[in-house]
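Listed below, chain by chain, are the residues.
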Amino acid sequence: MEQNNMETGSDRSASPKGSPVGVKQESSPRVHHSPPPPVSQAGGMMRSHLPLPPPGLGILGMMPHSPLDLMAVAHHHPPPRSYSSPPPISTSDPTANECKLVDYRGQKVAAFIIAGDTMLCLPQAFELFLKHLVGGLHTVYTKLKRLDIVPLVCNVEQVRILRGLGAIQPGVNRCKLLSCKDFDILYRDCTTAR
């Protein structure tokens, strides 16, 4: 009798509640569903907690991304705004577009006189004095940022003049100017920093 009770007891545990004892019901296979992504309600709109693409991507932001792309988006930080070049030199001052070759450190360098300062053509000065000391012009801009020196941006006419003189390459359409005093600080940094 005990054995019979045990069998019926096992039947009870296998059968759902409310079904007669001894009657086995077929159980449906278990299906595991993954939960939907977490969603928050903000302002009546549903938003998912997925990282957003950086601004400015437009329709490209809607395309699927690889895990590396998503990681890059998640760790994307906008560039700091504290260091930015000033707008190009005004073309309203005709004397600002008068280029002259000045003697600087024993070399002839193209320069403009702006607000009483002699402003050297930075790419030409780099080629003459710094190219053998640092990796490239990008290194110079990094050093200038660290030294809190902001070069002036040439206007279109100044760039045209510098190209005509051969101070910058023919295809270049941007150039920056640096005062002799600031270039001295940069040169000292390039020659003493190790």
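Within any chain, residue numbers begin from 1 and follow the written order of that chain's sequence. The predicted origin of the model limits local features to residues at a pLDDT of at least 70 and limits the giving and counting of side-chain atom pairs to 80 or more, whereas totals for whole chains, interfaces and linings rest on all residues. Side-chain figures throughout are based on the complete set of non-hydrogen atoms in the structure, without hydrogens or water.

Under an unreviewed UniProt entry, the name given to the chain is SKI/SNO/DAC domain-containing protein, and the organism recorded is Nezara viridula. UniProt positions are given in the numbering used here, feature names are shortened, and annotations may be inferred rather than shown by experiment. What UniProt records for the chain under Subcellular location (unreviewed entry) is the sentence "Nucleus".

A few words on the packing of aromatic side chains. Stacked, edge-to-face and tilted are the three classes for Phe, Tyr and Trp ring pairs, Trp counted by its six-membered ring, which pair at centre distances within 6.5 Å; planes under 30 degrees apart are stacked, over 60 edge-to-face, the rest tilted. By the definition in use, this model includes 3 aromatic pairs. When the centroid spacing of 5.7 Å and the interplanar angle of 80° are considered together, the rings of Tyr104 and Phe183 count as edge-to-face. Remark: Phe183 occurs in helix 6 (residues 180–192) and Tyr104 occurs in strand 3 (residues 99–104); sequence separation between them is 79 residues. Here's how the labels work: a residue is buried when its accessible area is under 20% of the maximum for its type, exposed when over 50%, partly exposed in between, all with a 1.4 Å probe on protein chains only. Residue class for Tyr104 comes out buried when judged on its relative accessible area of 8%. Judged by relative accessible area, Phe183 falls into the buried class, the value being 0%. Remark: a charge is flagged as sitting over a ring if the NZ atom of Lys or the CZ atom of Arg is within 6 Å of the ring centre and within 35 degrees of the ring normal. Taking the ring centre of Tyr187 as reference, the NZ or CZ of Arg105 above it sits at 4.0 Å. When the ring centre of Tyr141 is taken as origin, the NZ or CZ atom of Lys176, which lies over that ring, is 5.0 Å away. Strands are runs of DSSP state E lasting at least two residues, helices are runs of H or I lasting at least four, and both sets are numbered from the N terminus onward.

On to the pairing of strand 7 (residues 176–179). Sheet faces and side chains relate simply in a regular strand, where the side chains alternate between the two faces. Two elements, strand 5 (residues 117–121) and strand 7, share 3 bridges in a ladder whose sense is antiparallel. In the sheet register, Met119 faces strand 7, and the bridge partner there is Ser179. Note on pairing: two strands pair once DSSP finds at least 2 bridges between them. In this sheet, strand 7 lies alongside strand 6 (residues 152–153) in antiparallel orientation, the contact comprising 2 bridges. Bridge pairing in strand 7 places Val153 opposite Lys176.

What follows concerns the sheet that holds strand 5. Picture the strands of a sheet paired through backbone hydrogen bonds; they go either parallel or antiparallel. Here 5 strands make up an open sheet; going across it, the order is 3-4-5-7-6 and the pairing antiparallel. At either end of the open sheet lies a strand with only one pairing partner, and these are strand 3 and strand 6. Two residues qualify as a contact provided that any one of their heavy atoms is within 4.5 Å of a heavy atom in the partner residue. Axes here refer to lines fitted to C-alpha atoms; in helices the fit is confined to the stretch in contact. Angles between the N-to-C directions go from 0 to 180 degrees. Where helix 6 meets the sheet, its contacts fall on strand 3, strand 5 and strand 7, and the angle it forms with strand 7 comes to roughly 90°.

For the rest of this paragraph, the subject is the nonpolar core. Buried Ala, Val, Leu, Ile, Met, Phe, Trp, Tyr and Cys residues form a nonpolar core when they are joined through side-chain atoms within 4.5 Å. Counting 18 residues, the largest nonpolar core has Leu130, Val140, Phe183 and Leu186 as the members making the most contacts within it. The set of elements that each furnish at least two residues to this core consists of strand 3, strand 4 (107–114), helix 3 (122–130), helix 4 (137–146) and helix 6. The greatest single-element share of this core, amounting to 5 residues, is contributed by helix 3. Residue contacts for Val140: discarding those within four places in its chain leaves Leu122, Phe126, Leu130, Val134 and Leu186. Ala96, Val159, Leu162 and Cys175 belong to the second largest nonpolar core, which has 14 residues in total.

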